[in-house]
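Take a look at the letters that make up each chain.
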Amino acid sequence: MSINPNPGVLLYPRIRKSPFFYASRRHGVGLYSVYNHTYHPRHYGDPIGEYWALLEGVTLWDVGVERQVEITGPDAFEFTNMLVPRDLTKCKVGQCKYVFVTAEDGGIINDPVLLRLGENHFWLSLADSDVLLWAKGLAHNLGMDVQIREPDVGPVQVQGPKSRDVMVDLFGESILDVPYYYAVERELDGMQVVVSRTGYTAELGYEIYLHNASRDGVQLWDAIWEAGEPHGMRVIGPCHIRRIEAGILSWGCDITYDTNPFEVGYGFEKTWMVDLDQEADFIGKAALQRIKAEGISRKLVGVEIGGPGVGSFNDGEMVDVFDVHDPHGLRIGEVTSACYSPRLERNIGYAMVPIAYEELGTELRVDTQHGPQEAVVVEKPFLDPTKDIPKSLVRTAQGG
């Protein structure tokens, strides 16, 4: 659902507001969507300009919609390790991990970033689906000694090559010692925060998780904005162009309850995401063992799509994929995400297709808003497959 942000339009009282809602609104939200039952700024009127600001400068994002599920208690490690197919014995205190929360049939319930804040203290920074009740129900049924709640925590993202300079101004030079996908606790103007070297961009960047966010959200936003203005900071929405270039998946588009990790490239290729050899059991382990043994019938592939530009993000209008060689126009799958990349100067995206069509160079036909267009299966991610850009602290503009 998308919502006109015009101040004269009634806001729905049953939809939650981010702790940064009123602060981010000052910057001229162009469109809201709803994510985790919360208003989410989709963009601020110029998604292409926002894309270039991310690549060349520093950007600030209201991502308070990334609700946290906090898991603590004597059984917290055992329980959290059971929730995800990744082996958390390899996750140190202070480390972050991209994980799947899997269902009993191997389907993907969510793909959060997990933060391990203590031996038995975890946050799951959620994508757009309900995990809190799932986790509470499992814990109750299993009789595990854990406390599961949604804490009063809200994150913002500071992303782009100049993010290091803004973060140094906020927290000092020591913030540069935080490795990629690690987190530290800090204090900023009396506010308690957790700073992680993570983000939804595959650019150099950070997330700042604010405690007591419902009270201090505007104060944190103003502090970051004050530090960022001298560096040309721009407030933007989620940059889907950049995340598609980077091969980052979006729950609800590219992955859902009905997809499993092997279908979306995490399992056969990236075995650490689905560790079937670990001693511990986890929800969906038996199903995923069976899927691996039997193989999959479909695969999420990268595609380049011909014709005019399809826009900055397309997650629904461009649905159908066809066998280009079939005389009857056989529909074989769907495009799950697509965009026009200004840097690559072509349309790119992901498509879920039968396994027979996964080979690189396979020709397809895709129906876009401009009519039927030629398409071809290509390698993904489209840029920086080894994530050298976000891992580096000497990132220069536009990937140099």
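Residues numbered from 1 in each chain as written. Predicted model: local features only at pLDDT ≥ 70, side-chain atom pairs only at ≥ 80, totals over all residues. Heavy atoms only, no water.

Turning next to the environment of Thr 102. In this structure, Thr 102 sits in strand β7 (residues 101-102). Using a relative accessible area of 0% as the deciding quantity, one classes Thr 102 as buried. In sequence terms Thr 102 and Leu 83 are 19 residues apart; their C-alpha atoms lie 6.9 Å from each other. Once residues lying within four places of it in the same chain are set aside, the contact partners of Thr 102 are Leu 83, Pro 85, Gly 107, Ile 109, Trp 134, Pro 261, Phe 282, Ile 283 and Leu 288. Here Ile 283 takes part through its backbone oxygen, which lies 2.8 Å from a polar atom of the side chain of Thr 102. (Helix = DSSP H or I, 4+ residues; strand = E, 2+ residues; numbered from the N terminus. Buried < 20%, exposed > 50% of the residue type's maximum accessible area, 1.4 Å probe, protein only. Contact = heavy atoms within 4.5 Å. Polar contact = N/O pair within 3.5 Å; in protein donor to acceptor, adjacent residues only side chain to side chain.)

Each strand in a sheet pairs with another by means of backbone hydrogen bonds, the pair being arranged parallel or else antiparallel. Taken in spatial order, the 6 strands of this closed barrel run β17-β20-β19-β18-β21-β22, and their pairing is antiparallel. Adjacent strand axes in the sheet meet at a mean angle of 40° when their direction is disregarded. Sheet analysis places strand β21 (residues 363-368) next to strand β22 (residues 371-378), joined by 6 bridges and oriented antiparallel. In the strand pairing of β22, Val 366 is matched with Gln 373. (Pairing = 2+ DSSP bridges. Axes fitted to C-alpha atoms, helices over the stretch in contact; angles between N-to-C directions.)

Turning our eyes to something else, we now look at the packing of aromatic side chains. By the definition in use, this model includes 14 aromatic pairs. Judged by centre distance (4.9 Å) and plane angle (85°), the ring pair of Phe 21 and Tyr 22 falls under edge-to-face. The exposure class assigned to Phe 21 is buried, which follows from its relative accessible area of 1%. You can call Tyr 22 exposed: its relative accessible area is 56%. Measuring from ring centre to ring centre gives 5.1 Å for Tyr 51 and Trp 52, while their planes differ by 70°; the resulting arrangement is edge-to-face. Across from the ring centre of Phe 21, 5.8 Å away, lies the NZ or CZ of Lys 17, which sits over that ring. (Phe/Tyr/Trp six-rings, centres within 6.5 Å; stacked < 30°, edge-to-face > 60°. Lys NZ or Arg CZ within 6 Å of the ring centre and 35° of its normal.)

Let us now look at the packing of helix α5 (residues 163-171) against helix α6 (residues 213-228). Relative orientation of the contacting elements α5 and α6 amounts to 120°, with a least axis distance of 9 Å. The orientation of α5 with respect to α6, classified from their angle, is oblique. Between α5 and α6 lies a crossing of right-handed hand. Residues Val 166, Asp 169 and Leu 170 of α5 lie in contact with α6, whose contacting residues are Ala 223, Ile 224, Ala 227 and Gly 228. In terms of residue class, the contact of α5 with α6 is built from 5 nonpolar, 1 polar and 1 charged. (Parallel < 35°, antiparallel > 145°, perpendicular 65-115°, else oblique. Left-handed = near helix turned anticlockwise from the far one by under 90°. Nonpolar A, V, L, I, M, F, W, Y, C, P; charged D, E, K, R; others polar.)

Turning to the UniProt feature "domain: GCVT N-terminal" (unreviewed entry) in the protein chain, a few remarks are in order. Mapped onto the present numbering, the UniProt feature "domain: GCVT N-terminal" (unreviewed entry) falls on residues 40-268. Segment residues 40-268 splits into 26% helix and 28% strand. End C-alpha atoms: 34 Å apart. (UniProt positions renumbered as here; feature names shortened; annotations may be inferred.)

Below, the discussion takes up the side chain of Asp 111. Its location among the elements puts Asp 111 in the loop between β8 (108-110) and β9 (113-118). Buried and unpaired, Asp 111 has no salt bridge, with Arg 243 as the nearest side chain of opposite charge at 8.6 Å. Engagement of the side chain of Asp 111 in a polar contact is seen with the side chain of Tyr 98, the distance being 2.7 Å. Apart from residues no more than four positions distant in its own chain, Asp 111 is found in contact with Tyr 98, Val 99, Phe 100, Ala 127, Leu 249, Trp 251 and Ile 255. (Lys, Arg positive; Asp, Glu negative; His and termini not counted. Salt bridge = Lys/Arg side-chain N within 4 Å of Asp/Glu carboxyl O.)

On to the nonpolar core. Counting residues in each nonpolar core, the largest one holds 46 residues, and the members touching the most others are Phe 100, Leu 115 and Val 264. Broken down by secondary-structure element, the contributors of at least two residues to this core are α2 (47-56), β6 (96-98), β9, α7 (240-245), α8 (285-294) and β20 (346-354). Residues in contact with Phe 100, not counting those within four places in the same chain, are Leu 83, Val 84, Pro 85, Ile 108, Asn 110, Asp 111, Ile 255, Pro 261, Val 264, Tyr 266 and Met 273. Core analysis: the second largest hydrophobic core is formed by 35 residues, Val 29, Tyr 39, Met 167 and Val 168 among them. (Core = buried A, V, L, I, M, F, W, Y, C linked by side-chain atoms within 4.5 Å.)

Right, let's get into the sheet that holds strand β16 (residues 234-235). Pairing in this open sheet of 6 strands is mixed, and the strands run β13-β14-β15-β12-β4-β16 from one edge to the other. A strand with exactly one partner marks an edge of an open sheet, and here the two such strands are β13 (183-188) and β16. The sheet strands contacting α5 are β12 (153-159), β13, β14 (191-196) and β15 (205-211), and the helix crosses β15 at an angle near 35°. The strands touched by α6 within the sheet are β4 (59-62), β12, β13, β14, β15 and β16, with β15 carrying the most contacts at an inclination of about 145°.

Attention shifts here to the pattern of salt bridges. Should their charged atoms come close, side chains of opposite charge can pair. On inspection of all chains with the given rule, the structure shows 19 salt bridges. Note that Arg 234 and Asp 46 form a salt bridge whose closest N and O atoms lie 3.7 Å from each other. Taken together, the residues span a long stretch of sequence, with Arg 234 in strand β16 and Asp 46 in the loop between β3 (38-43) and α2 at a distance of 188 residues. Take Arg 234: its relative accessible area is 31%, and that puts it in the partly exposed class. In this structure Asp 46 comes out as partly exposed when scored by relative accessible area, which is 34%. One salt bridge connects Arg 242 with Glu 203, and the closest N-O pair in it is separated by 2.7 Å. In this pair, Arg 242 sits in helix α7 while Glu 203 sits in the loop between β14 and β15, placing the two residues 39 residues apart along the sequence. Each member of the pair, Arg 242 as well as Glu 203, is classed as buried. One network of salt bridges, with partners in common, ties together Glu 203, Arg 242, Glu 245 and Arg 343.

At a minimum axis separation of 11 Å, helix α3 (residues 76-83) and helix α4 (residues 132-142) run at an interaxial angle of 120°. One way to sum up the angle between α3 and α4 is to call them oblique. Where α3 crosses over α4, the handedness of that crossing is right-handed. Residues Phe 79, Met 82 and Leu 83 of α3 form the contact with α4, whose own contacting residues are Trp 134, Ala 135, Leu 138, Ala 139 and Leu 142.

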